[in-house]
Amino acid sequence: MAKFFSYYWILIITLWACGNSDNSMQANIEDEVGTENTGSAAITNVTVSGSVNAYTFSVTISSPDLGCNQYADWWEVTDTEGNLIYRRILAHSHVNEQPFTRSGGEVQVSASTEVYVRAHMNNSGYSTKAFRGTVQAGFSAFDLSDDFASDLESTQPLPDGCAF
């Protein structure tokens, strides 16, 4: 009988702990996500391969993707004046793949042309957390102003939906 009560209490404590853990986790997720916009996508790395006027950029993004209602929907390369050079459309959310890397090109720049690489969220717009640099010298983190080239948000190409 004592053995039964020991197992009973272990079961009760385990169920209580699991229940509290799940509830705590859910509360933390809700605190972070809420009902409003939860943040922006940040570029965390940029690498480049290829040759002049035909470079392939590999861009790593960390974003608070939740599904098609909130996801990083593109990354792009602009010149320092805010002109679009290249845009890589992201066709789906990356909820279970964070951070994620996607490549794109041909990016038509010279090795010494300074550019910005930045990401865009479908529900909150551009991130200020970008990368700046050249193919020749490399890229590093850079904070753009909130309104840098904001008019590009309506420039083609644009996503035509979200797969998942």
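Summarised in this report is the structure supplied together with it. Note that the structure is predicted; figures quoted are calculated from it, not measured.

### Brief notes about the pairing of strand 8 (residues 129-134)
Two strands pair when backbone bridges link them, and strand 6 (residues 115-121) and strand 8 are joined in this way by 3 bridges, in the antiparallel orientation. Pairing of Val115 across the sheet is with Gly133, part of strand 8. Examined bridge by bridge, strand 8 and strand 9 (residues 138-143) share 6 bridges and lie antiparallel to one another. Of the residues in strand 9, the one forming a bridge with Gly133 is Phe139. Between the antiparallel neighbours strand 8 and strand 9 lie 3 residues.

### Some details on the nonpolar core
Of all hydrophobic cores here, the largest spans 21 residues; its most connected members are Phe57, Ile61, Trp75 and Val117. For this core, the secondary structure elements donating two or more residues are strand 1 (42-51), strand 2 (54-62), strand 3 (72-79), strand 5 (100-107) and strand 6. In this structure Ile61 touches Ala41, Ala42, Ile43, Thr44, Ala72, Trp75, Leu90, Gln98, Pro99, Phe100 and Ala119, once residues within four positions along its chain are discounted. Formed by 8 residues, the second largest nonpolar core is a distinct cluster that contains Tyr116, Ala130, Leu144 and Phe148.

### With respect to the sheet that holds strand 1
What links the strands of a sheet is backbone hydrogen bonding, and the strands pair in either a parallel or an antiparallel sense. Spatial strand order, 1-2-5: 3 strands in an open sheet with antiparallel pairing. Two strands in the sheet have a free side with no partner beyond their single neighbour: strand 1 and strand 5. If you compare each strand with its neighbour and ignore which way they point, the axes differ by 20° on average. The pairing of strand 1 with strand 2 spans 9 bridges and is classified as antiparallel. In the sheet register, Thr47 faces strand 2, and the bridge partner there is Ser58.

Cut-offs applied
- Residues numbered from 1 in each chain as written.
- Predicted model: local features only at pLDDT ≥ 70, side-chain atom pairs only at ≥ 80, totals over all residues.
- Heavy atoms only, no water.
- Pairing = 2+ DSSP bridges.
- Helix = DSSP H or I, 4+ residues; strand = E, 2+ residues; numbered from the N terminus.
- Core = buried A, V, L, I, M, F, W, Y, C linked by side-chain atoms within 4.5 Å.
- Buried < 20%, exposed > 50% of the residue type's maximum accessible area, 1.4 Å probe, protein only.
- Contact = heavy atoms within 4.5 Å.
- Axes fitted to C-alpha atoms, helices over the stretch in contact; angles between N-to-C directions.

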